[in-house]
Amino acid sequence: DEAVLITGGFGFIGAVVAQRMLGAGRRIVIVDNGREVRQMRAERALRSLCATTSPRREVRILREDLGQLDLRTLLSDVGAVVHLAGRPGVQSSWGQGFVDHLAGNVELTQRLLEAAVDVDLARIVLASSSSIYGDVNQGYAAEDSPVAPLSPYGVSKASVEMLAGAYAHRHVPAVVLRFFSVYGRGQRPDMALARAIDASFGGPPFVIRGNGHQERDLTHVDDVARAVHATLTTPLAPGAVFNIGSGHPISLRRLLAAVEAVTGRRIPVEFADPSPGDPVRTAADHRRAGAILGWRPQVTLAEGLRDQIRDHTASRFPIPAAEGPPMVATPLPTVRSSISASSPR
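Report follows, based on the coordinates.

## Side note on the packing of aromatic side chains
Inference 1: Scanning the model with the defined rule gives 1 aromatic pair in all.
Inference 2: Note on tyrosine 133 and phenylalanine 180: the rings are 6.0 Å apart at their centroids and 35° apart in plane angle, and the pair reads as tilted. With tyrosine 133 in the loop between strand S5 (123-129) and helix H5 (152-168) and phenylalanine 180 in the loop between strand S6 (174-179) and strand S7 (182-183), this pair connects stretches of sequence that are 47 residues apart.
Inference 3: By relative accessible area, tyrosine 133 is classed as buried at 4%.
Inference 4: The ring of tyrosine 140 has arginine 281 lying over it, and the distance from NZ or CZ to the ring centre is 5.9 Å.

## What about the pairing of strand S1 (residues 4-7)?
Inference 1: Neither face of S1 is open: one carries Val4 and Ile6, the other Leu5 and Thr7, and all of them are buried.
Inference 2: Of the pairings in the sheet, the one linking S1 to strand S2 (residues 28-31) comprises 4 bridges and is parallel in character. The partner of leucine 5 across the bridge, within S2, is valine 29.
Inference 3: In terms of handedness, the path from S1 via helix H1 (residues 12-23) over to S2 forms a crossover that is right-handed.
Inference 4: Of the strand pairs in this sheet, S1 and strand S4 (residues 80-83) are connected by 4 bridges, and their pairing is parallel. Residue pairing for S4: isoleucine 6 is matched across the bridge by valine 82.

So, how was this worked out
- Residues numbered from 1 in each chain as written.
- Predicted model: local features only at pLDDT ≥ 70, side-chain atom pairs only at ≥ 80, totals over all residues.
- Heavy atoms only, no water.
- Phe/Tyr/Trp six-rings, centres within 6.5 Å; stacked < 30°, edge-to-face > 60°.
- Helix = DSSP H or I, 4+ residues; strand = E, 2+ residues; numbered from the N terminus.
- Buried < 20%, exposed > 50% of the residue type's maximum accessible area, 1.4 Å probe, protein only.
- Lys NZ or Arg CZ within 6 Å of the ring centre and 35° of its normal.
- Pairing = 2+ DSSP bridges.
- Right-handed = clockwise from strand over helix to strand, strands pointing away.

By themselves, these figures tell us nothing about what the structure is for.
If you want it as structure tokens, here you go:
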């Protein structure tokens, strides 16, 4: 019953992955140095869950900067790693911002992989992004499609993938998941859907950069967590790569209309020039994940929007930081089932 280390475990994706791991009966170790309100909420929710379940299972929390830790010692105490810590954001990666993306994505991943060379791990799951594909003008991007990032952020994620391939030759069991536009409860407030929902509840008008016809392949965070779990339970060759996307691109204009339909509120909008590095279209071919991992998207867009909107309305006021000793927990119920949203892709 070896533990799973989750880096960035109180971030948007990490918090849901942590709950999924507990639901599977796994012990977890969380490393997260964030103190944003949403991260405090994630920690508090996990502590609350652990306090009300039985039998008890240990969960360790390290409120540390991953880059400052002795990674070899840290990895020696776990059986697998889900590496979600990193520097997000396309627009913040331009200019001097690339220094942070280089350190937070490329250099940190290299240090983690190097530390794993002489450690007996079952798996390291690395988070990549659909940004490595650039524009998917037609059809769907498959794992063997050309890599053509349009931003320094995309370049940093492509570099992470190449590091995984390089360390595979040293028998480091790293695999890569390419996430496509993840959304759902806990989404970062700077992301487009979070800003659109905020605008519908009286926040600043939503800024449409370009004509609003750009399309994104939205993937619910519950589906992402299931994909992460599948990589920990499936025999895989080091360096394997999988697309994790819904296979259902939607235009920004249609997405805003869908949010308005759920909230019953109008979203005020403003228009601005397109942002550099933003692709016109992303679309995932997820057949490899289906064939090898047995994974397919399950959460429909309507269900996913309701999930994120409920979370938004419940989190409009700050929640104090959770305090206390390392917690204990037992399995959660399985991530809720939903009407299948899978496509042939």
